[in-house]
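Inside the fold
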Amino acid sequence: MEIHLNRVDYVQVGVTSQKTMRLLPALGKRATQKVAIADHDGILTCFGMKKGEAVPVFKTLPGQKISRLDLGGAVGTPQEKIFVCSGSQVRGFTKKGKQFLTFEANLTETINAMHVSGADLFVCASYIYNYYCDCKDQDYYLSGDKINDITCLSSENLTRPVPVLACQDRVLRVLQGSELAYDVEVRGPPSVLELYNKDGGEEILYGTTDGKIGLVQIGERSATTKWEIDNDKKKGGILCIDTYDIIGDGVNDILVGRDDGTVEVYGFDSNSEPTLRFEHVLTESVTSIQGGCVGKESYDEVLTATYTGWVTGLTTEPQKAEAGPGDEVRMSKETQSKVEALRAELEQLQVEVLQGREQYQQISQSSTAVSAVPIFSINDKFTLCQDDASYSLTLEVQTAIDNLLLQSDVPIDLLDVDKNSAVVSFSECDSEQPNGNFLLATYRCQANTTRLELKIRSIEGQYGTLQAYITPRLQPKTCQVRQYQIKPLSLHQRTHSLDQERPMNRLSLVGQFSFAEIHSWVVFCLPEVPEKTPAGEGITFYFHNTFLGTQLEASYCKGEGHFRSDNISTISILSDVLSKEATKKKINLNISYDIDDDSVSHTLKMIHPKLECQLLLARKVQLIDALKELQVHEGNADFLIPEYRKILDESANLLEEYKKQPAHLERLYGMITDLFIDKFKFKGQNVKTKVSSLLEILDNYDLNSLLDFFNEA
């Protein structure tokens, strides 16, 4: 069953954080609901709809940025008390706006996740979880990685409330008191949790930063994954989830909001499998989503809040029929008065803007003028995409972007992004100079662009900083800079297990360094490692290379570190960088290696399918122009052999694929060359003079010839 929803914009508040908008319970069946939304200006706004207009119920004074909002109330009563957190403080308001609670959680960090249930308050800062009952401290837990969200289960089958933390290291941590009961691995960093049944139950929905959705049944001692939806269409990461029967079949549907502005509704088929029933794309990230009845009673809708504070409904209320060609447009008196009121308001605003500009010009030219830079908010995300081993840089600004300058002091490739409509131009760089640039690219944006998505691919072993200079369409002109670290092993991603059957190379370090020092070196080398030094005396992390599929184990404690990988180049990069970092701190390291020669042929065999595919693609692309010329000359392509005709038929797809992967072949050549040099470096031999012979073999590629060359060199 497909559904049709029509968009209605209600109000705009300030910039909003994730999960800061909720619908208050309805006073009667099918009655309209009030909306509570909080923003970065510290303002909590509650409004309802009356005669098609948004009417405020209450609005608090500005204050510290509000990071989360939740509803609560005594067990068994309507959950209509509004709780917001700012910094380390939690405040409670009645549905009429009276403040009844101010609670200081005494956390050193900002609260970024909160769940309220009766007298129970669960809050999380970056790594710390706290549980309070009647504002009295009960439980505390220090997580091994950053906490993104929290929820709490309660049902007849559970003897106690069960808090569940969504952590950045692809794990849901299920707690018992102040202890970890067990953890559940998921296939992406979970960014949001939501109870599937709000009235109680053991099922939790989760969404990940790489766009996957799943349902997990949580028990007291173990969990079961019921289903998972992959992100095959490469949509944005999940920021918010809700459950509501919008289709009207008696089964709760799943409402999803993504950071690329996509709103989705998933229903369930006869086999209880989730199926996409509706999709709508907004122009900015969806920070909150709720199902309910807002605009008109008896008409359900999906209510969303976006990054810049727009509250938008997708309602089941049918739109009035539009006038066709030649038809007279007849508006009701109510609609006419609305249009006239809007025109008058627009004219008034234009007058105010002109007066403001004139006033600013006069003040700026006076002798007592003080320079004031306009402040604007930026929502940015720099994440590694497992599917294509590239980094996605997403920049979202609360006002239209004029241009973006990208500058990098490390070699990177810019990849094509279909959603990106900005015009890009490249400047010449002199990478030979000290602190020289390898990339200078300018993106000029169209009039109302508030969100840009870029893709880059880095080269492992070459590390530095990528800087983005964002200039919005504001007067006076201003710019903000964001920095992103390209790490030495930038294409490695955290995982939870290794294939122990692979041939492994080993690097061991011994020296007078602390656990915190070696952890900071590992953070410098590898992505997805928590900044905070782990609790305990030692730690082991597992990684896999998203480009090649090779693996790495990092195990270290005070005074020693052990690193194992099936790729010699990974060991070589780690050895160079860790030695350099230790030298900066004037720490002497005793470094030892254990190299397995079988690992070289193993890595070459892992590269083989990628290299073969890229060589075939490059050969086909080289033939396209010549084949097209022959086709034009002969009038048709019937005389060509089937293989060549197929290349002509698929030429558009082949060129598009080739364009999407610039320098892919050179990248693979570079990896094989590095592997060759690194293999003999550990044997104390310099084989750089033989690289030209290696490149000749690669140009006439055959896996066996390549393996023979590596063994004979």
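Look up: the structure comes first, before these words.
The sections below set out a description of the structure shown in this document. Because the structure is predicted, anything quoted here is derived from the model rather than measured.

Check the secondary structure of the protein and you find nine helices and 43 strands. Here the C-alpha radius of gyration of the protein, 29 Å, is about what a compact globule of 713 residues would show, namely 27 Å. For the protein, the C-alpha atoms occupy an extent of roughly 85 × 75 × 75 Å along the three principal directions. For the protein, the residues scored as buried account for 50% of the 713 residues in total. Of the contacts made within the protein by residues no fewer than 6 positions apart, 56% connect residues no fewer than 24 positions apart. Element-wise, carbon and sulfur atoms account for 48% of the exposed surface of the protein, whose accessible area totals about 35,300 Å².

Its location among the elements puts K235 in the loop between β21 (223-229) and β22 (238-244). Its relative accessible area of 17% is what places K235 among the buried residues. Each residue touching K235, except ones within four places of it in the same chain, is listed here: R258, D260, T262, E264, L276, E279 and K419.

Right, let's get into the pairing of strand β36 (residues 464-472). Most of β36 sits out of view: eight of its nine residues are buried. Strand direction decides the pairing type here: strand β31 (residues 401-408) and β36, joined by seven bridges, are antiparallel. Bridging across to β36, N403 finds its partner in T471. Looking at chain direction, β36 and strand β37 (residues 480-486) are connected through seven bridges and run antiparallel. For Y469, the partnering residue across the bridge sits in β37 and is V481.

What follows covers the sheet that holds strand β6 (residues 66-72). On the basis of which strands lie adjacent, the open sheet formed by four strands has the order β6-β7-β8-β9 and antiparallel pairing. The sheet is open, and its two edges are formed by β6 and β9 (99-104), each paired on a single side. On average, adjacent strands in this sheet sit at an angle of 20° to one another, irrespective of strand direction. In this sheet, strand β7 (residues 81-86) lies alongside β6 in antiparallel orientation, the contact comprising six bridges.

With that settled, the discussion passes to the packing of aromatic side chains. Under the defined criterion, the tally for this structure stands at 16 aromatic pairs. When the centroid spacing of 6.3 Å and the interplanar angle of 75° are considered together, the rings of Y196 and F268 count as edge-to-face. Placement of the pair is Y196 in the loop between β18 (190-195) and β19 (203-208) and F268 in strand β24 (residues 262-268), with a sequence separation of 72 residues. Here Y196 matches F268 in class, with each residue buried. Seen in terms of ring centroids, F515 and Y556 are 5.9 Å apart; in terms of plane orientation they differ by 55°. Their pairing is tilted.

A few words now on the nonpolar core. Taken as a class, soluble globular proteins show a tendency for nonpolar side chains to be buried jointly. Counting 79 residues, the largest nonpolar core has L406, Y443, L466, F563, L611, I672 and F710 as its most contacted members. Leaving out residues up to four positions away in the same chain, I672 has contacts with L604, I607, L611, L694, L698, L706 and F710. Counting residues in hydrophobic clusters, the runner-up holds 16 residues, among them L153, L158, L193 and I204.

About the criteria used
Residues numbered from 1 in each chain as written. Predicted model: local features only at pLDDT ≥ 70, side-chain atom pairs only at ≥ 80, totals over all residues. Heavy atoms only, no water. Helix = DSSP H or I, 4+ residues; strand = E, 2+ residues; numbered from the N terminus. Rg over C-alpha atoms; globule rule 2.2 N^0.38 Å. Buried < 20%, exposed > 50% of the residue type's maximum accessible area, 1.4 Å probe, protein only. Contact = heavy atoms within 4.5 Å. Areas by Shrake-Rupley, 256 points an atom, 1.4 Å probe, with all protein chains shown as cover. Pairing = 2+ DSSP bridges. Axes fitted to C-alpha atoms, helices over the stretch in contact; angles between N-to-C directions. Phe/Tyr/Trp six-rings, centres within 6.5 Å; stacked < 30°, edge-to-face > 60°. Core = buried A, V, L, I, M, F, W, Y, C linked by side-chain atoms within 4.5 Å.

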